[in-house]
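Structural overview for review
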Amino acid sequence: MSAVEQTRGPKPSGRGKLLAGVGVILAVVVVGGGIIQRQAHLGALRHQTEDAAIPRVQLISPGKGPSIRTLDLPGNISAWYLAPIYAQVSGYVRMWYKDFGAEVKAGDVLATIDTPGLDAQYAASKANFDVAMARYKLAQITAKRWKALQGTQAVSQQEVDVQAANAEAEQAQVEAARHDVSRYAALIGFKQIVAPFDGVVTSRLADVGDYVNAGGGDVSARGTATELFSVADVHRMRVFVSVPQDYADIISPKLTAEVTVPQHPGRVYKATFLATAGAFNATTRTVTTELTLDNSDRTLWPDSYATVHFRAPGDPDILVIPEGALIFRAEGMQVALVDEHNRIRLHNVTVGTNLGTTVQIRGGLKATDRLVNNPSAGLLDGQEVRVVDATPGYNAQPAVANDSARTDDVRAMPNDRSGAEEAGARQ
């Protein structure tokens, strides 16, 4: 064996070459497979990212408005007449005769007041009247005697005229004294507190021995008047309701309502229109409307809280949509529609009456439009979207008030069913 052959070593056998080749092939396959798998994962991730970037929307359709509009509003029940009764004279309560809840007739005595000072003034006024009458009679006699001497040398014409004028002055004093007596006699009559009309005593704020002040009934007196009784006429009742401006069109003489009160659950009272203020409150944008109802059985009490249920004709030809479908932007009130290419189209609409959870649309929308339910504020005009089904019991749109058709069903386009299923699978 030569030295060269010893240096090169033994030649590899055919088996070794085969194993080496297989190893190289396996390495290439492993590396290539990893690269291919990674590319596939990157493609899938890119597809999912692009798909997730497309907003999901749920569609609803505009519905017809209700043929009958209903409206429940809080109301306050007041008596047909309600009179707080004050003392017209100052003094002490001698006795009261009617207590809470007592039914009274007009003129019934509720209480009497002791007025020693007033009694003395009344007696003095009558004495002054007697004095004035005596002076007047004397002046008449004197004037008559001087009149008889008129034209003689015994008296002058000036003296006759003076006596006649004096008699007229004394007559005026008599009239003044008579009016003074009448004034005190009227005040003496106020010692009895009487009911102004038929009704029920709703409050009694006086007791025997209480001092009462006539400050509110006598403008010449000083002090604060004390309310003694309140009497309410409850044969009929008034119901005051603040009607929002959006519903002011229902107010007319033909307006009727159903009234319920918490203390009589299940009972419904029929009320009819009585009057309206004819002007809106600048703070609440409501108009005070007055209804009336019969209370011959005395089951309703003044100042009760009531729920007033109105029913008024509606217009089914006016489209309605849920409030959540509206978008408030600088461009005005808008809705988001989806065209045949599943792209957003923002349309300005004219909003009518707010019906509670739904609103009337008076312009800018057709019954066949595909409307986005609860659109995001980030939706842009022309943006591509994907239509998906609503989740039952979670984000399904409630029914729009409609007698002829329901618009609460959320529709998915047939060509987007696969997209919806794909989105559901990813979730």
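Residues numbered from 1 in each chain as written. Predicted model: local features only at pLDDT ≥ 70, side-chain atom pairs only at ≥ 80, totals over all residues. Heavy atoms only, no water.

If you check an unreviewed UniProt entry, the protein chain appears there as Efflux RND transporter periplasmic adaptor subunit from Gluconacetobacter asukensis. The annotation that UniProt attaches to the protein chain under Subcellular location (unreviewed entry) is "Cell envelope". Looking at the protein chain in UniProt, the text filed under Sequence similarities (unreviewed entry) is "Belongs to the membrane fusion protein (MFP) (TC 8.A.1) family." (UniProt positions renumbered as here; feature names shortened; annotations may be inferred.)

1. Digging into the overall build of the protein chain
From N to C terminus, the protein chain includes five helices and 23 strands. For the protein chain, buried positions account for 35% of its 427 residues. Put simply, 76% of the contacts in the protein chain that link residues at least 6 apart link residues at least 24 apart. (Helix = DSSP H or I, 4+ residues; strand = E, 2+ residues; numbered from the N terminus. Buried < 20%, exposed > 50% of the residue type's maximum accessible area, 1.4 Å probe, protein only. Contact = heavy atoms within 4.5 Å.)

2. Overview of the side chain of Ser-304
Within the element layout of this structure, Ser-304 appears in strand β15 (residues 304-313). Setting aside its immediate chain neighbours within four residues, Ser-304 contacts Gly-75, Asn-76, Ile-77 and Gln-263.

3. Description of the nonpolar core
In terms of nonpolar packing, the biggest core is built from 31 residues, with Val-241, Leu-291, Leu-293, Val-308 and Phe-310 touching the most fellow members. Counting only elements with at least two residues in this core, the list comes to β4 (68-86), β11 (227-244), β12 (256-260), β13 (269-276), β14 (286-294) and β15. Considering each element in turn, this core owes the most residues, six residues, to β11. Ignoring sequence-local partners within four residues, the contact set of Val-241 consists of Leu-73, Pro-74, Gly-75, Val-287, Thr-288, Thr-289, Leu-291, Val-308 and Phe-310. (Core = buried A, V, L, I, M, F, W, Y, C linked by side-chain atoms within 4.5 Å.)

4. A look at a nonpolar patch on the surface
A cluster of nonpolar side chains, Leu-18, Val-22 and Leu-26, forms an exposed patch at the surface whose accessible area comes to about 290 Å². Checked against the element boundaries, Leu-18 lands in helix α2 (residues 14-52). Relative accessible area serves as the criterion here: at 58%, Leu-18 is assigned to the exposed category. (Patch = residues over 30% accessible without salt bridge, like charges linked within 9 Å, V, L, I, M, F, W, Y side chains within 5 Å. Areas by Shrake-Rupley, 256 points an atom, 1.4 Å probe, with all protein chains shown as cover. Salt bridge = Lys/Arg side-chain N within 4 Å of Asp/Glu carboxyl O.)

5. A word on helix α4 (residues 157-189)
Counted at 1.5 Å a residue, the expected span for α4 with its 33 residues is 48 Å, and the 49 Å between its end C-alpha atoms agrees. For α4, every residue scored as buried is listed here: Val-160, Gln-163, Ala-167, Glu-170, Val-174, Ala-177, Val-181, Tyr-184 and Leu-187. Buried positions along α4 lie against α3 (116-148). (Expected span 1.5 Å × (residues − 1).)

6. Notes on the environment of Thr-350
If you trace the backbone, Thr-350 turns up in strand β20 (residues 350-354). The spatial distance from the C-alpha of Thr-350 to the C-alpha of Gln-360 is 8.5 Å, given a sequence separation of 10 residues. Beyond its immediate chain neighbours, meaning those up to four positions away, Thr-350 contacts Gln-360, Ile-361, Arg-362 and Gly-363.

7. Some points on the pattern of salt bridges
A full pass over the atoms with the stated rule returns 13 salt bridges. Notably, a salt bridge pairs Asp-339 with Arg-345, separated by 3.1 Å at the nearest N-O pair. Here Lys-366 ties to Asp-369 by a salt bridge, and the two come within 3.3 Å at their closest N and O atoms. Among the residues examined, Asp-369 registers a relative accessible area of 10% and is labelled buried. Here the residues in one salt-bridge network are Asp-339, Arg-345 and Asp-381, joined through shared partners.

8. Overview of the packing of aromatic side chains
The final tally for this structure, using the stated rule, is three aromatic pairs. Their ring planes at 50° and their centres at 5.8 Å tell us that Tyr-81 and Phe-197 sit as a pair that is tilted. Here Phe-197 lies in the loop between β8 (192-194) and β9 (199-204) and Tyr-81 lies in strand β4, a separation of 116 residues in the sequence. Site record: aromatic cluster; members linked through ring pairs are Trp-80, Tyr-81 and Phe-197. Over the face of the ring belonging to Tyr-184 we find Arg-183, whose NZ or CZ atom lies 4.5 Å from the ring centre. (Phe/Tyr/Trp six-rings, centres within 6.5 Å; stacked < 30°, edge-to-face > 60°. Lys NZ or Arg CZ within 6 Å of the ring centre and 35° of its normal.)

9. As for the sheet that holds β8
Spatially, the four strands line up as an open sheet ordered β8-β7-β5-β10, and their pairing is antiparallel. A strand with exactly one partner marks an edge of an open sheet, and here the two such strands are β8 and β10 (211-212). Across four bridges, the pairing between strand β5 (residues 91-96) and strand β7 (residues 109-114) is antiparallel. When the bridges of β7 are listed, Tyr-92 appears paired with Asp-114. (Pairing = 2+ DSSP bridges.)

10. Remarks on the pairing of β20
Relative to strand β21 (residues 358-363), β20 is paired through three bridges, and the arrangement is antiparallel. Each bridged residue has a counterpart across the sheet, and for Thr-350 the counterpart in β21 is Gly-363. Connecting β20 to the antiparallel partner β21 that follows it, the hairpin turn spans three residues, and Gly-356 within it adopts a positive phi of roughly 115°.

11. A short note on unusual backbone geometry
Phi is positive for Asp-303, which is not a glycine, with a value near 65°. With respect to the helices and strands, Asp-303 occurs in the loop between β14 and β15. Judged by its relative accessible area of 55%, Asp-303 falls in the exposed class. Notably, Asn-374 is not glycine yet its phi reads approximately 50°, a positive angle. For Asn-374, the position within the fold is in the loop between β22 (371-372) and β23 (386-387).

12. What about the environment of Gly-199?
Relative to the helices and strands, Gly-199 resides in strand β9. Separated by 95 residues in the primary sequence, Gly-199 and Val-104 have C-alpha atoms spaced 5.5 Å apart. Not counting the four nearest positions on each side in its chain, Gly-199 is found in contact with Ala-102, Glu-103, Val-104, Val-231, Ala-232 and Asp-233.

13. Topic: the sheet that holds β21
The four strands are arranged β3-β16-β21-β20 in an open sheet whose pairing can be described as antiparallel. The open sheet has two free edges, formed respectively by β3 (63-64) and β20, since each of these has just one partner strand.

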